[in-house]
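Each chain is listed here by its residues.
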Amino acid sequence: MFEMPSEFLEEMKKILGEDYDLYEKCMEKEAFRGIALNRLKVKDVNILPFDVEKCPFYKDGYYISCDEKGVGNTPLHHAGAFYVQEPSAMSAVSLLDVQEGEKVLDLCAAPGGKSAQIASCLNGTGLIWSNEVVKNRAQILLSNFERMGISKGVVSSCYPDVLCRKLEGYFDKVLVDAPCSGEGMFRKNPEAVKEWSREHVLSCAERQLSILKSAAHAVKNGGELVYSTCTFSYEENEGVIRRFLEENADFEMCDIGEHFGRKTELPCAVRITPLEKGEGHFAAKLRKKGESVSERPCIEKSADIPKELEDIFYEVPKGRYVLNGDKLYIVPNGLPDIKGLGVIRAGVLAGEFVKKRFEPSHALFMSAKTENVKRVLELDDENIKEFLKGMEIDSDCENGYTAVSYKGIITGYGKTSNRRLKNKYPKGLRLK
């Protein structure tokens, strides 16, 4: 067993009380692993190629064996059927209780696990806006958006205060999964142990409170705000919530209505430790007082739809078509003004015009359903791996852009010509 800081262990004794000895023994075991099913792509968990066990933290969350290797290289992972996620981390979205049609902000979103959960709950409706201030992490977030097939979403890289003040009162739900000292990652990431100190804990708490105060602006009256961390400390968890409520009288505690984890001194919060079969998480739910104001309908102009899309789809994807240079995007209707908000992608990149010819994008196909695509090539276990390596394969489809499907889920696309599929799977994503 790795050695944990003595000062941290003293704090855990206070938090866990008589359960502390059980915690020490538990930390000698392997870390929990899990996946969250993506309902935008999959309806039945039995499609997965490995054994799973239901976890209590999320309706579509499952444990996977510590012995399971190469999960991220499976064809279904490439297809966006699931997101590999630490089980207790799924709890925050459960507290958020996302409903179809809502507008939801994930303020500290990278690498994208909680955003994927939110999008799955929205089920192709509403809007998921995912923000990450660190730009290279925001690019990872965008890549996961595309893999999961999220079409009604925005990815941005913007300071929380700037973003939330510009989008004052816009969101029904806001999630702040705040950067933290990572005490819940000790078993999973021993490097987090080396970085731990009391000074780091206290500095994290100050930053967390600042982010939470920024997030408050983006919540509409009657809307809800969930704050979460992957750490155990009182200062970063209950302490931040108490200080926030003292300074923001327009917010109140919510009944979380969940039955997982261990109770805290706050009725609006829950803490999960390895004793509850998760690596470590804290989540609290707050409500912004007041009555919500009805929104005015937004009528927006759309660019012309390329005829190539009519050849690919039975029903052309809905949304507002926006041309930016040579690239064409399908943007969700009703977006606010996004100027100055560091938006990397709004909606889906439909494709681009190359020498006046329109070429569709990988993201466009990943957000599509097989039943809406005119040409679909269904591949077996052997051929899908060849496709994911970037190789040309036989195709029995008619000539034209063709969706590639595995177990009924679109995994990419190519162009059929004379019974051969020219592979369009992005080079940076290919199997080695």
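Since the structure is predicted, the reported quantities are computational estimates derived from the model, not experimental observations.

(A) Region of interest: the pairing of strand β8 (residues 171-177). With 7 of its 7 residues buried, β8 lies for the most part within the structure. Here 6 bridges tie β8 to strand β9 (residues 219-229), and the two strands are oriented parallel to one another. Opposite Asp177, over in β9, you have Ser228 as the bridge partner.

(B) Layout of a negative patch on the surface. On the surface, Glu378, Asp380, Asp381 and Glu382 cluster together into a negatively charged patch. In this structure, Asp380 sits in the loop between β19 (376-379) and α13 (381-388). Since its relative accessible area comes to 44%, Asp380 is described here as partly exposed.

(C) Quick look at a nonpolar patch on the surface. There is a patch of nonpolar side chains on the surface, built from Val133, Val134, Tyr159 and Val162 and spanning about 360 Å² of accessible area. With respect to the helices and strands, Val162 occurs in helix α7 (residues 160-166). Take Val162: its relative accessible area is 42%, and that puts it in the partly exposed class.

(D) Structural detail: the sheet that holds strand β17 (residues 348-354). Taken together, the 4 strands give an open sheet; going across it, the order is β14-β15-β17-β18, and neighbouring strands pair in antiparallel fashion. Each end of this open sheet is capped by a strand with a single partner; those strands are β14 (320-324) and β18 (357-360). Direction aside, the axes of adjacent strands within the sheet are offset by 30 degrees on average. Looking at chain direction, β14 and strand β15 (residues 327-331) are connected through 5 bridges and run antiparallel. In the sheet register, Arg320 faces β15, and the bridge partner there is Val331.

(E) Main features of helix α6 (residues 135-148). Taking 1.5 Å of rise per residue, 14 residues should cover 20 Å, and α6 covers 20 Å from first to last C-alpha, within 8% of that figure. Phi turns positive, to about 75 degrees, at Gly149, one or two residues after α6.

(F) The arrangement of the pairing of strand β23 (residues 420-423) in detail. Of the two faces of β23, only one is covered, namely that formed by Leu421 and Asn423; the face formed by Arg420 and Lys422 stays uncovered. The sheet contact formed by strand β20 (residues 393-394) and β23 spans 2 bridges and is antiparallel. When the bridges of β23 are listed, Asp394 appears paired with Arg420. Of the strand pairs in this sheet, strand β22 (residues 409-417) and β23 are connected by 4 bridges, and their pairing is antiparallel. If you follow Thr416 over to β23, its bridge partner there is Leu421. Two successive antiparallel strands, β22 and β23, enclose a turn made up of 2 residues, where Asn418 displays a positive phi of approximately 55 degrees.

(G) Inspection of empty space enclosed by the protein at higher detail. One pass over the structure, following the stated rule, counts 2 cavities of 30 Å³ or more. If you go around the largest cavity, you meet 13 residues; those closest to its centre are Phe145, Glu146, Ile150, Gly347 and Val348. Residue contributions to the lining of the largest cavity peak at 3 residues, all from α6. By residue class, the composition of the lining of the largest cavity is 7 nonpolar, 4 polar and 2 charged.

(H) Structural detail: the pattern of salt bridges. Using the criterion set out here, one finds 28 salt bridges in the structure. Here Glu132 ties to Arg137 by a salt bridge, and the two come within 3.6 Å at their closest N and O atoms. Residue classification places Glu132 among the buried positions, given a relative accessible area of 6%. The partner of Lys194 in a salt bridge is Glu191, and the shortest N-O contact between them spans 3.2 Å.

(I) Here's a closer look at the nonpolar core. Formed by 42 residues in total, the largest nonpolar core has its most connected members in Val176 and Ile241. Only β6 (127-131), α7, β8, α9 (198-218), β9, α10 (238-247), β13 (281-288) and β15 provide two or more residues apiece to this core. No other element matches α9, which puts 7 residues into this core. With near-sequence residues (within four places) excluded, Val176 lies in contact with Leu107, Cys108, Ile211, Leu212, Ala215, Leu225, Val226, Tyr227 and Ser228.

(J) Highlighting the side chain of Asp60. Note that Asp60 resides in the loop between β2 (52-54) and β3 (61-64). Residues within four places of Asp60 in sequence aside, it is in contact with Ile35, Ala36, Leu37, Arg39 and Lys54.

(K) Representation of the side chain of Ser156 within the structure. Relative to the assigned elements, Ser156 resides in strand β7 (residues 153-156). Using a relative accessible area of 0% as the deciding quantity, one classes Ser156 as buried. A polar side-chain atom of Ser156 sits 2.9 Å from a polar atom in the side chain of Trp129. A distance of 2.7 Å separates polar atoms of two side chains, one belonging to Ser156 and the other to Asn131. Those residues in contact with Ser156, other than ones at most four positions away along the chain, are Trp129, Ser130, Asn131, Glu132, Ala138, Leu163, Leu341, Gly342, Val343 and Ile344.

Procedures and definitions
Residues numbered from 1 in each chain as written. Predicted model: local features only at pLDDT ≥ 70, side-chain atom pairs only at ≥ 80, totals over all residues. Heavy atoms only, no water. Buried < 20%, exposed > 50% of the residue type's maximum accessible area, 1.4 Å probe, protein only. Helix = DSSP H or I, 4+ residues; strand = E, 2+ residues; numbered from the N terminus. Pairing = 2+ DSSP bridges. Patch = residues over 30% accessible without salt bridge, like charges linked within 9 Å, V, L, I, M, F, W, Y side chains within 5 Å. Areas by Shrake-Rupley, 256 points an atom, 1.4 Å probe, with all protein chains shown as cover. Salt bridge = Lys/Arg side-chain N within 4 Å of Asp/Glu carboxyl O. Lys, Arg positive; Asp, Glu negative; His and termini not counted. Charge placed at Lys NZ, Arg CZ, Asp CG, Glu CD. Axes fitted to C-alpha atoms, helices over the stretch in contact; angles between N-to-C directions. Expected span 1.5 Å × (residues − 1). 1 Å grid on protein atoms, 1.4 Å probe; cavity = no way out; pocket = protein on both sides within 12 Å on 5 of 7 lines; lining within 4 Å. Points joined across faces, edges and corners; volume = space filled by probe spheres on them. Nonpolar A, V, L, I, M, F, W, Y, C, P; charged D, E, K, R; others polar. Core = buried A, V, L, I, M, F, W, Y, C linked by side-chain atoms within 4.5 Å. Contact = heavy atoms within 4.5 Å. Polar contact = N/O pair within 3.5 Å; in protein donor to acceptor, adjacent residues only side chain to side chain.

The analysis is restricted to geometry; functional conclusions fall outside its scope.
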